[in-house]
Amino acid sequence: MRKFFCTYNNLTERYQLSVARNGFMSPRINALAENTLLSEIREAIQNLYNQIVCIKEEEQDSDRLSKLDDCELLVSNLYYSIFAEPLNIETECSELPMRQRLNICFDLASRLESMINIAEQYKLCGEIKNIFQSLINGAK
């Protein structure tokens, strides 16, 4: 795993993953928050990837599939840049409408964006979120 730290953002009153160390909290609090935050980020990225794979199985439009391919690559790059390991590619798809899956993906990307305060990874989250927003706006 790369060297990132868990910091408390006073403006949002939330913990975020950051490249800077926050020195005013005790190390035990930071370690607990970091372990919790990292597992939440790992789970959110994995869930996002799984949803993308399920959407791609149902999608027929080649332009939308191209966007989903780009998004899948961005998600795997995001995961690797934080955890330095590949995603788990085994997925099981449940029966959900396409629109609901797209909304879940948008929500997950928004949640990741609020949890990550590292310029490059934050930008990836924003790009992923924008792709899903465009897919939602163009959804039938």
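Quick look at the structure, then. Just so it is clear, the model here is predicted, and its values are computed rather than measured. (Residues numbered from 1 in each chain as written. Predicted model: local features only at pLDDT ≥ 70, side-chain atom pairs only at ≥ 80, totals over all residues. Heavy atoms only, no water.)

1. What about the nonpolar core?
In a soluble, globular protein the nonpolar side chains are often hidden away together inside. Inclusion rule: Side-chain atoms within 4.5 Å link the members of a nonpolar core, which is a set of buried Ala, Val, Leu, Ile, Met, Phe, Trp, Tyr and Cys residues. Relative accessibility decides the category of a residue: with a 1.4 Å probe and only protein chains considered, values under 20% of the type maximum give buried, values over 50% give exposed, and everything between is partly exposed. Per the convention used, a helix needs a DSSP run of H or I reaching at least four residues, while a strand needs a run of E reaching at least two, with both numbered from the N terminus. We call two residues in contact whenever any of their non-hydrogen atoms come within 4.5 Å of each other.
Ranked by internal contacts, the top residues of the largest apolar core, which has 38 residues, are I41, I45, L112 and F132. When residues of this core are traced back to their parent elements, those giving at least two are α1 (27-58), α2 (62-83), α3 (98-115) and α4 (119-138). Considering each element in turn, this core owes the most residues, 10 residues, to α1. Contact partners of I41, with chain neighbours within four places excluded, come to L17, I82, F83, L112, M115 and I116.

2. Describing the pattern of salt bridges
For clarity, the threshold we go by: Each salt bridge in this description consists of a side-chain nitrogen of Lys or Arg and a carboxyl oxygen of Asp or Glu lying within 4 Å of one another.
For the structure shown, the criterion picks out six salt bridges. In this structure, E58 engages R101 in a salt bridge whose closest nitrogen and oxygen atoms are separated by 3.7 Å. Of this pair, E58 sits in helix α1 while R101 sits in helix α3; the two residues are 43 residues apart in sequence, bridging distant segments of the chain. Residue E58 is classed as partly exposed on the basis of its relative accessible area, which comes to 35%. Residues E59 and R64 are paired through a salt bridge, measuring 3.1 Å at the closest nitrogen-oxygen approach. Through salt bridges that share partners, K56, D69 and E72 make up one connected network.

3. Quick look at the side chain of E59
This is how the line gets drawn: Under this definition, polar contacts are N or O atom pairs within 3.5 Å; protein pairs additionally need one hydrogen-donor-capable and one acceptor-capable atom, and for neighbouring residues in sequence, both atoms have to be side-chain atoms.
For E59, the position within the fold is in the loop between α1 and α2. Judged by relative accessible area, E59 falls into the buried class, the value being 11%. At 3.2 Å, the side chain of E59 forms a polar contact with the backbone nitrogen of D61. Engagement of the side chain of E59 in a polar contact is seen with the side chain of R64, the distance being 3.1 Å. With residues up to four places along the chain from it excluded, the contact list for E59 reads R64, L65, L68 and M98.

That's the geometry; what it means functionally is another story.
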